[in-house]
Amino acid sequence: MGGAEASVVVTGLGAVTALGVGREATWRGLVEGANGIRRLGLFDPGAYRTHNAAWVDDRALAGALPAGHPRRTTSRADRFALAAAREAIEDSGLDLARVPRQRLAVVLGGGAAGLLEAEGWFARLVLDGRPGRPREIVNHGPDLPTHHVASFLGATGIRSTVATACSSSTVAIGQAADLLRAGLADVVVTGGSDSLARLTFGGFNALRLVDPEPCRPFDRERKGLSLGEGAGILVLEREADARRRGARAYCRVAGYGVTSDAFHMTAPEPTGEAGARCLQAALAHGRCDADEVDYVNAHGTATPQNDRAEAAALYRVFGARAGRLPTSSIKAMVGHCLCAAGAVEALATCLTVARGVIPPTIRWSNPDPECPLDVVPNRAREMPVATALSSSFAFGGASACLVLTTAS
Amino acid sequence: MKPLAVTGIGAISPLGATTAELLAGLDAGRSGIAEVELPAQRAAGCRAAGTRWVGRVTDFDASASLPPMRARRLDRGSRFAVAAAKAACRQAGLAGGPLAGETLGVILGTSSAGSGPLTAFLECLFRHSPEAAPPFEFPNTVANAPASYVSIELGLKGPSLTLAQSEAVLGTALVAGRLLLGDGRCRALLIGAVDEWNPVFQLGFAQLGALRGAAGGGGGMVLAEGAALLLLEAEELALARGARVLARVLGVAAGSVAGEPYLWLPDSPTLARVIREALDRSGMGAADVGSVVLAANGIEAMERAEAAALAEVFAGRRLAATGIKGAIGERAVAGALSLAVAVLSRARRLLPPYAGGALCRWPEPVQPLAAAAELPPGATLVLFAGFGGNYAAAVVG
C-alpha cells in the first residue's frame, strides 16, 4: 500500500497531437523533426496576427475512439482524451476487469475543454440575442474530459482536474504519482487534454505573444508562440505492482516540484530565480543531484521573455553545464498545447528515457546569446538518457517540473 | 493520517464579507439568496420566473484588502480570494511573517472562476474583432487567476494550485493538500474555493434546466459566489508556534461514480463508501461522530441519496445536522464554506441551524437543527457532492 518510498512507473502512453493520432505517430513525427504547425482549419484565422496553429484534424480520430462512444455528446477535447486514454490503457496491458474500480483514479489537466463548442452558443447570444443549443454547452468546463475518461474506464476512485493553465497536466502527473505513493489509488490515468478555441487564439493574439510564422523556440529571431492542441495520457502504477503483473515500464516518475513565482500574472520572473526554485524542488523531491540530469524537455514557448527566463533558470540550476546539457522544446513541432502541453511533453520525455532518442528543437538557426543552450537543433539525437526533466511555467507563475528516470 | 490544524479562516459569502457575518446570518436564519435582474435572459426569451435566484455577494469592498490600483487588475473572483486569504492569514497569526522563508502555498477549487473575464473578452471578440479584444481580460480568464493573485499578493512561493471539479472539489483539494503537507514539502497551505457569479452562465444553466424553478418544481440548484480559504498546517507545528487551533481536519476521502459528466448522479453507496474511508483515515468509527454538515443543495434526488448513505453508515445513531446551501447556494465555494462552518462551529461549540428546504424527509440518524444548538460530543462530518458523480467527506474534530 504505497508508503513514501514507493516508486512509481509509467506503464502506458497514449497521444493525440498535430503530428498524428497515436503515440507512435506522434513519436515518429518528433524524431523526424516534423512540423505540425499549419494554417488553422477550425475557424477562420484571417483577422488574427497569426493564421497558424498545430491543430488536430478530427477526421483522423475516427478509428481511435472507444467503440460506441457518444460522439454527439462529447467535445473535441473530450474525444482527444478518450482516444489517448484508450490507447494508453491498451498499451499498459492492464486488464481493467482485475483492477478494483474504486482504486482506479483519473487526474487530468484541463482548460478550454468544450469551449470552442460553447463559443458557438455564446456568439449566437451576443449577435442574435438568443443562445445556441444546449448541446453546445453541456461539455464546457476544464473537468469534462476527466469525467468522460473516468466514465469510459468505469473508474470510481478519486477524480481530479488540475487547472493551472500551461502547467496543468504537469501538476496532474505529479499529483497522480503522489496518490500512488500515499496508497490512495492502485492505478492512475493521468495527463491532460486541451483544444483550441477563439478565446485562447484571441487571447494570445491580444497579448501580442504569437509569432505570425511557426514558432522558433530559443532562436534569436523568435517572435512568440504557436498554439497547439491535443492530449497526452499516461498510466501510472507503483513499480512493485507493475513488476508483479509483468508489465513493461517506460520510466519512473521520480520527483515532482510545484512552486509559485509569486511575481506577475503573465510575465515570467526574469532572473530565473523562480524557475530554478521549481526545478530544484523537483530534484530534491526525486532525491536527484543536478549533475545526474541528462536532458531537459523545456517549456520553450518561443516568446522572447519566457525563453530568456527559462535559460536563466537552467544556468542557476546547472551552472556552466547548462550550455552543454541537451535541452529541447518540442513546441516547435506540436505547438503550445496549453493545458495539455505538460502531458504531451512528459509523454515525449518518457519515450526519450525509454528509447534513448532526444527530439530536436526544429526551425532553430540563430544562436541567442541570452539563451546559450544546446537546444538539440533541428535533428534528433541518439543518446542514453537516464534522468530527464520535463518542466512547465504557466500564467500566474504556477510552475511545475517532473523528474523522469530509467525504470530498473 | 496525521491531523491537520486549521488556524485561520477567511470567508466572503452571500451572508457577508467576514466569518462573523456568515455565522450570524446562519444563526438568525437569514438567506443570502435573492432575485437578480437578468435583462439578457429576458431578451433571450427564457422562462425568467424562478431562475433568477442567486447567492450573490453584495456587501464586499475590495479596497479593504487591496489598494485600488491593484484591485482593478483583479477579476471579481480573485478579489474575493485575496480578501479571504488575507483574513485567514491574519487570524492564523501569519500577518507580519512569522513563517517568512517557509514554503507556503495555496490550493483553490472552483466551478466558475474566470467566467466574467471570459464572457467580457469573447463578447468583444464577437462584436468587434480580435484586435479590439481587451488584452487585460485574458489572463484573468484562466481558472487559476484567483490562486495566482493570492500567491502574488501574499508572496506565497510554494504550490499555487487550482482544481476544477464541480461542487465536490474541496474534497480533492484537501486530499492534494494533505499529500503536500504530509511529507514536509509545504509548511502551511491555504485551502479553499472561489466562485464568481455570471449572468451568461446563469442563462446556460437555466437553459439546461439545472436551476431552481427552471424545471417548474421546487428543486434545483442556486448558483453561489464568494470565497472561503482555510489555513492548514501540521498540528504539532501549529502548536509549537503557539497558534490557536480552531479545529482539526482528521481525515478526508474522495470518490466518484461513472455516468454522464454533466448530470447529477445520485449514488448513496458511493457516498457511504467515501464516508467510511474518511472515518477510517481518521482512526474513527461511526460512533465517534456527533454532527454533520450536509451537502444538501436543493436537488431532490441528491438529498435522498445523501439521506440513504447517512442512514446506512450511522444506523441507530443521532447526528445533529446543519447545512448552509439553502442560505448561500451551491458551487465549489459552498463546499469550502461548509468546511469553514464546521471548523468555526467547533471553535465556538455551537452549530448553526440547518438552512435547507423540506425536499427530503431526513431519516432517523439525521436531526436537522431548527435553531442554533450546542455542539454535541463527537466529531463533525462534512459532506461534499458535485455533478458528474463526485463525492467527498471530511472528518473535523
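Our structure's up above, just so we're on the same page.
Student: Go over the nonpolar core, please, and point to the residues and values.
Tutor: Taken as a class, soluble globular proteins show a tendency for nonpolar side chains to be buried jointly. Counting residues in each nonpolar core, the largest one holds 111 residues, and the members touching the most others are V10 and L236 of chain A together with I107 and L232 of chain B. In terms of residues, this core owes the most to one element, helix α13 (residues 332-348) of chain B, which gives 11 residues. Setting aside residues no more than four positions away along its own chain, I107 of chain B makes contact with L161, L163, A173, A176, G177, L180, L189, L190, I191 and G192 of chain B. The next biggest cluster of nonpolar side chains, apart from the first, holds 74 residues, and it includes W121 and A123 of chain A together with A84 and L94 of chain B.

Student: Before we move on, could you go through unusual backbone geometry and cite the residues and values that matter?
Tutor: Residues and elements named next belong to chain A. One non-glycine residue, A165, lies in the positive phi region at around 55 degrees. With respect to the helices and strands, the residue A165 is situated in the loop between β6 (159-162) and α5 (168-181). Accessibility expressed as a relative area gives 8% for A165, which makes it buried.

Student: Provide a residue-level description of the interface of chain A and chain B, including the pertinent values.
Tutor: Often the size quoted for an interface is simply the accessible area lost on bringing the parts together. Each partner contributes residues to the interface: chain A has 74 residues there, and chain B has 68 residues. Note on chain A versus chain B: buried area summed over both sides is about 5,600 Å², and carbon and sulfur give 66% of it. Across the contact surface, chain A and chain B share 3 salt bridges. Across the contact surface, chain A and chain B share 22 residue pairs in polar contact (both at pLDDT 80 or more). Elements with a contribution of two residues or more to the side of chain A that touches chain B: α3 (115-128), α4 (144-153), β6, α5, α6 (198-206), β9 (251-260) and α8 (273-285) of chain A. In the side of chain A that touches chain B, the residues fall into 36 nonpolar, 26 polar and 12 charged.

Student: Which residues make up the packing of aromatic side chains, and what are the values?
Tutor: Evaluated as defined, the whole model comprises 11 aromatic pairs over all chains. Judged by centre distance (5.0 Å) and plane angle (75 degrees), the rings of Y48 of chain A and F201 of chain A are edge-to-face. Of the two residues, Y48 of chain A is situated in the loop between β3 (38-39) and β4 (52-53) and F201 of chain A in helix α6; the sequence distance between them amounts to 153 residues. Classification of F201 of chain A by relative accessible area gives buried; the value is 2%. A ring pair is formed by W264 of chain B and F387 of chain B, whose centres lie 5.9 Å apart and whose planes are at 85 degrees; its orientation type is edge-to-face. Placement of the pair is W264 of chain B in the loop between β9 (247-256) and α10 (268-281) and F387 of chain B in the loop between β15 (379-386) and β16 (390-396), with a sequence separation of 123 residues. According to the relative accessible area criterion, W264 of chain B is buried, its value standing at 18%. Site record: aromatic cluster; members linked through ring pairs are F204 and F395 of chain A together with F121 and F138 of chain B. Lying over the aromatic face of W55 of chain A, R38 of chain A brings its terminal NZ or CZ to 4.3 Å of the ring centre.

Student: Provide a residue-level description of the sheet that holds strand β7 (residues 223-224) of chain B, including the pertinent values.
Tutor: Residues and elements named next belong to chain B. With mixed pairing, 3 strands are arranged side by side in an open sheet as β2-β3-β7. Unpaired on one side and paired on the other, β2 (33-35) and β7 mark the two borders of the sheet. Here β2 runs beside strand β3 (residues 53-55); their pairing, made up of 3 bridges, is antiparallel. Residue pairing for β3: E35 is matched across the bridge by W53.

Student: Provide a residue-level description of the packing of α10 of chain B against helix α11 (residues 300-313) of chain B, including the pertinent values.
Tutor: All names here are of chain B. Where α10 meets α11, the axes come as close as 8 Å, and the angle between the chain directions of the two elements is 45 degrees. Judged by the inter-axis angle, α10 sits oblique to α11. Seen along the crossing, α10 lies across α11 with a hand that is right-handed. Of the residues in α11, those touching α10 at S268, L271, A272, I275, R276 and L279 are A305, E306, A308, A309, L310, E312 and V313. Looking at side-chain class alone, the contact of α10 with α11 contains 9 nonpolar, 1 polar and 3 charged residues.

Student: How would you sum up the environment of H128 of chain B? Please name residues and give values.
Tutor: Considering the arrangement of structural elements, one finds H128 of chain B in the loop between α5 (115-127) and α6 (145-154). Between the C-alpha atoms of H128 of chain B and V249 of chain B, which are 121 residues apart in sequence, the distance is 50 Å.

Student: So what about helix α4 (residues 76-91) of chain B? Which residues, and what values?
Tutor: All names here are of chain B. With 16 residues, α4 should cover 22 Å at 1.5 Å per step; its first-to-last C-alpha distance of 23 Å lies within 8% of that length. Within α4 the residues assigned to the buried category are G77, S78, F80, A81, V82, A83, A84, A85, A88 and C89. Elements that come into contact with the buried residues of α4 comprise β1 (4-12), β4 (104-110), α6, β6 (188-195) and β8 (226-234). Among the residues trailing α4, G93 stands out with phi positive, at a value near 80 degrees.

Student: So, the packing of helix α1 (residues 19-27) of chain B against α13 of chain B: which residues are in play, and what are the values?
Tutor: Residue and element names in this part refer to chain B. In contact at an axis separation of 11 Å, α1 and α13 are set at 85 degrees when each is read in the N-to-C sense. Taken together, the axis directions place α1 and α13 in an arrangement best described as roughly perpendicular. Between α1, through T19, L22, L23, L26 and D27, and α13, the contact on the second element is made entirely by L337, V341, L344 and R348. Across the contact of α1 with α13, the residue classes break down as 6 nonpolar, 1 polar and 2 charged.

How each quantity is defined
Residues numbered from 1 in each chain as written. Chains lettered and ligands numbered in written order. Predicted model: local features only at pLDDT ≥ 70, side-chain atom pairs only at ≥ 80, totals over all residues. Heavy atoms only, no water. Core = buried A, V, L, I, M, F, W, Y, C linked by side-chain atoms within 4.5 Å. Buried < 20%, exposed > 50% of the residue type's maximum accessible area, 1.4 Å probe, protein only. Helix = DSSP H or I, 4+ residues; strand = E, 2+ residues; numbered from the N terminus. Contact = heavy atoms within 4.5 Å. Buried area = accessible area lost by both parts, 1.4 Å probe. Salt bridge = Lys/Arg side-chain N within 4 Å of Asp/Glu carboxyl O. Polar contact = N/O pair within 3.5 Å; in protein donor to acceptor, adjacent residues only side chain to side chain. Nonpolar A, V, L, I, M, F, W, Y, C, P; charged D, E, K, R; others polar. Phe/Tyr/Trp six-rings, centres within 6.5 Å; stacked < 30°, edge-to-face > 60°. Lys NZ or Arg CZ within 6 Å of the ring centre and 35° of its normal. Pairing = 2+ DSSP bridges. Axes fitted to C-alpha atoms, helices over the stretch in contact; angles between N-to-C directions. Parallel < 35°, antiparallel > 145°, perpendicular 65-115°, else oblique. Left-handed = near helix turned anticlockwise from the far one by under 90°. Expected span 1.5 Å × (residues − 1).

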